[in-house]
Amino acid sequence: MEKFTLLESQAVPLPIEDIDTDQIIPARFLKATTREGFGDNLFRDWRFHPDGSPKADFILNNPVYQGAILVAGRNFGCGSSREHAAWAIADYGFKAVVSSFFADIFKGNALNNGLLPVTVSDEFLHHIFSAIEKNPAARMEINLENQTISISDTSEMTYFEMDPYKKICLLNGYDDIDFLLSQKDIISSFEKNRHFTFNPLT
């Protein structure tokens with residue numbers, strides 16, 4: 001996976017609550033088994049008419065809003081546990097999603113695929129939406145090392161929680177196997193220094 005350290009970018013606002021995984025990537029597009037190409041159908045039914053033409057009023061079709069950060073309403077990623085939702089968001093080009101609450105399974109899937117879910121308070125989320133409304137080119141900075149997110153236009157900043165193990169993985173671009181391989185020397189040393197006691201009665 002790509003290392004995630006510091007992300008400074010404009011943001012795309014999607015102030016809708018309870019966005020479920022079927023809205024993120026409809027079930028009819030789950031036939032592929034690789035991660036590539038899912039971004040084409042991200043929010044498919046919101047982005048496109050049945051004939052495939054784009055809906056002009058949907059935020060992703062508005063060239064004014066750009067960036068690698070998606071800012072969404074509360075309870076993002078609820079519904080089914082499909083990992084494809086995280087694949088679609090990452091494949092589209094987003095590197096982080098900001099919300100005031102994430103469904104647990106989606107959050108885990110996102111972290112496993114190098115997509116950073118940043119949980120902020122409802123108040124700070126409102127401040128982000130307000131800043132983007134005033135200036136669509138407003139930028140945000142997400143510092144994973146310090147676990148902070150800030151709004152450049154207003155200089156507002158807040159901290160976010162992060163699982164220590166997943167933080168190490170994202171900072172280094174590790175998946176679970178990569179992490180184990182990075183600990184190979186430590187594991188080998190531990191095994192060499194273990195002392196076994198043989199008990200014939202057990």
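These notes cover the structure that comes with them. (Residues numbered from 1 in each chain as written. Predicted model: local features only at pLDDT ≥ 70, side-chain atom pairs only at ≥ 80, totals over all residues. Heavy atoms only, no water.)

## Looking at the packing of aromatic side chains
Going through the model one piece at a time under the given rule, you end up with 8 aromatic pairs. Ring centres of Phe102 and Phe106 lie 6.2 Å apart, and the angle between their planes is 15°; this geometry places the pair in the stacked category. Phe102 sits in the buried class, given a relative accessible area of 3%. Grouped by ring-pair contacts, the aromatic residues Phe43, Trp46 and Phe58 constitute a single cluster. Taking NZ or CZ as reference, Arg44 lies 4.5 Å from the ring centre of Phe48, over its face. (Phe/Tyr/Trp six-rings, centres within 6.5 Å; stacked < 30°, edge-to-face > 60°. Buried < 20%, exposed > 50% of the residue type's maximum accessible area, 1.4 Å probe, protein only. Lys NZ or Arg CZ within 6 Å of the ring centre and 35° of its normal.)

## Let's talk about the packing of helix H3 (residues 84-92) against helix H4 (residues 104-112)
Orientation of H3 relative to H4, taken along the N-to-C sense of each, is 50°, at an axis distance of 8 Å. Judged by the angle between their axes, H3 and H4 are oblique. At the point where H3 passes H4, the crossing takes the right-handed sense. Residues Ala85, Ala86 and Ile89 of H3 touch H4, and the partners they reach there are Phe106, Asn109 and Ala110. Residue composition of the contact of H3 with H4, grouped by class: 5 nonpolar, 1 polar and no charged. (Axes fitted to C-alpha atoms, helices over the stretch in contact; angles between N-to-C directions. Helix = DSSP H or I, 4+ residues; strand = E, 2+ residues; numbered from the N terminus. Parallel < 35°, antiparallel > 145°, perpendicular 65-115°, else oblique. Left-handed = near helix turned anticlockwise from the far one by under 90°. Contact = heavy atoms within 4.5 Å. Nonpolar A, V, L, I, M, F, W, Y, C, P; charged D, E, K, R; others polar.)

## Describing the nonpolar core
Counting 55 residues, the largest nonpolar core has Phe76, Val98, Phe106, Leu116 and Ile142 as its most contacted members. Per-element tally for this core: the top contributor is helix H5 (residues 122-134), with 6 residues. Ignoring any residue separated from it by four or fewer positions in sequence, one finds Ile142 in contact with Phe4, Thr5, Leu6, Leu7, Ile69, Ala96, Val98, Leu116, Val118, Thr148, Ile149 and Phe160. (Core = buried A, V, L, I, M, F, W, Y, C linked by side-chain atoms within 4.5 Å.)

## A word on the pattern of salt bridges
This structure, assessed with the given rule, holds 5 salt bridges. A salt bridge links Arg82 to Asp22, with the nearest nitrogen and oxygen atoms 3.0 Å apart. One end of the pair, Arg82, is in the loop between strand E2 (69-72) and H3; the other, Asp22, is in helix H1 (residues 21-24), and 60 residues separate them in sequence. Exposure remark for Arg82: the relative accessible area of 16% places this residue in the buried category. (Salt bridge = Lys/Arg side-chain N within 4 Å of Asp/Glu carboxyl O.)

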